[in-house]
Amino acid sequence: MSEATHAHAVHRDDFGARLGMWLFLVTEMVLFGGLFIAYSYMRSKYPAEFHHAGAELNATLGITNTLVLLTSSLTVVLAIVAIQRGDKRKTMAFLATTLGLGLVFLVIKSFEWATKFHHGLYPNSAHLATLPHGEQVFFGLYFTMTGLHGLHVIAGLSVLGYMLRMVAKGEITQDRYVHLENGGLYWHLVDVIWIFLLPLFYLAA
Amino acid sequence: MSDHSLASPEHAGDHGVEHPGYGTFVKVWLALVVLTGLLVLMSHFGQSFAVWGLLILTPIKAGLVFYFFMHLKYEGALLKGVVLVTLGTLLIFFALLFSDVAFR
């Protein structure tokens, strides 16, 4: 009885998988959305302090990291085009490029934070306590939001690293690549969040 | 939904539409880079330009990523609806907060 049905027992629902991923991404959007609302309120309360504190940030590093992340998003979506065409070699090359660019982002970010720490700017530092209240709020939001985003970059890199392994082992193929699509969706959301962080902290403050 | 036995490589998968090629996404990436350049340029003309750049260009950039890179263009009404309802909810929270702040 069970032998005959065994071959048909594998349930597959790619749309359901993508819907599930999107529902998770929606919770992420609300998580960061709450922080964006907090930023907007604090900025309207302390416009001068936000302007002054924002000038401390290195816009060149912020812009460079934007270009790095945008390009890494492109290579993920190109990896999906490649797997749709059954080109395993290109899929792996594009994914490896994304992983490399994600690491570049983290290295730049760590240099940026290290400079801030060097200037005595880190959560609960003695120097920070001497600054006006509005600037303390600015750096609080800066470390919270870019830090939470950084954790998402690390999570995304782990997911995409695993996807690369799955492609290599032939577990992601031309006719079954929903894992790669969902991993890519996560990475693009991380990119979208950074698209908002750049002007909020580096340009318009 | 779609007949898999008839699916050619271009029609593989369950999207039911032809998959876009490399070129489409490279063009979208170029647009994103140009918009980023414009955003940076606007921020050099002073605070109010920077804020307008943020309010206009950033949602366009996010929209391009959602629509093309995240394949929303090729998804059905349900997935599009899920995203729109979320953005609408955030907008309502935003409006509620600032309607309170503005009249203090």
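Small disclaimer: the values here were computed from a predicted structure and weren't measured.

A.B. asks: Could you give me a rundown of the packing of helix H2 (residues 14-45) of chain A against helix H3 (residues 77-102) of chain B, with the residues and numbers involved?
C.D. replies: Packing of H2(A) against H3(B) leaves a shortest axis separation of 10 Å and a crossing angle of 15°. Taken together, the axes of H2(A) and H3(B) are roughly parallel relative to one another. Taken as a pair, H2(A) and H3(B) cross one another with a handedness that is right-handed. Contacts from A:Arg18, A:Leu19, A:Trp22, A:Leu23, A:Val26, A:Met29, A:Val30, A:Gly33, A:Ile37, A:Tyr41 and A:Ser44 of H2(A) reach H3(B) at B:Leu78, B:Leu79, B:Val82, B:Thr86, B:Leu90, B:Phe93, B:Phe94, B:Leu97 and B:Val101. Classifying every residue of the contact of H2(A) with H3(B) gives 16 nonpolar, three polar and one charged.

A.B. asks: Residues and numbers for helix H4 (residues 59-84) of chain A, please.
C.D. replies: Along its 26 residues, H4(A) runs 38 Å from first to last C-alpha, staying within 8% of the 38 Å computed at 1.5 Å per residue. Phi for A:Gly86, located one or two positions after H4(A), is positive at around 75°.

A.B. asks: Account for the confidence of the model for chain B, naming residues and giving values.
C.D. replies: Note: predicted coordinates in regions of low pLDDT should not be interpreted at a detailed level. Taken as a whole, chain B shows an average pLDDT of 85; of its residues, 84% reach a score of 70 or greater. Per-element confidence in chain B ranges from a low mean pLDDT of 92 for helix H2 (residues 47-69) of chain B to a high of 95 for helix H1 (residues 22-43) of chain B.

A.B. asks: If you had to explain the interface of chain A and chain B to someone new, which residues and values would you point to?
C.D. replies: Listed by partner, the interface residues are 37 residues for chain A and 36 residues for chain B. At the level of elements, H2, H4 and helix H8 (178-203) of chain A are the ones that each hand at least two residues to the side of chain A that touches chain B. Here the side of chain A that touches chain B gets 13 residues from one element, more than from any other, and that element is H2(A). Here the side of chain A that touches chain B is built from residues that sort into 23 nonpolar, nine polar and five charged.

A.B. asks: Report on the nonpolar core, specifying residues and quantitative values.
C.D. replies: Within the largest apolar cluster, 70 residues are counted, with the highest numbers of intra-cluster contacts made by A:Ala79, A:Leu95, A:Leu197 and B:Phe25. With 17 residues, H8(A) is the largest single contributor of residues to this core. Those residues within four positions of B:Phe25 in sequence are excluded, and the remaining contacts are A:Leu74, A:Val77, A:Leu78, A:Val81, B:Pro20, B:Phe68 and B:Phe69.

Parameters at a glance
- Residues numbered from 1 in each chain as written.
- Chains lettered and ligands numbered in written order.
- Predicted model: local features only at pLDDT ≥ 70, side-chain atom pairs only at ≥ 80, totals over all residues.
- Axes fitted to C-alpha atoms, helices over the stretch in contact; angles between N-to-C directions.
- Helix = DSSP H or I, 4+ residues; strand = E, 2+ residues; numbered from the N terminus.
- Parallel < 35°, antiparallel > 145°, perpendicular 65-115°, else oblique.
- Left-handed = near helix turned anticlockwise from the far one by under 90°.
- Contact = placed C-beta atoms within 7 Å.
- Nonpolar A, V, L, I, M, F, W, Y, C, P; charged D, E, K, R; others polar.
- Expected span 1.5 Å × (residues − 1).
- pLDDT = per-residue confidence, 0-100.
- Core = buried A, V, L, I, M, F, W, Y, C linked by C-beta atoms within 7 Å.
- Buried ≥ 20, exposed ≤ 12 C-beta atoms within 10 Å, placed from the backbone.

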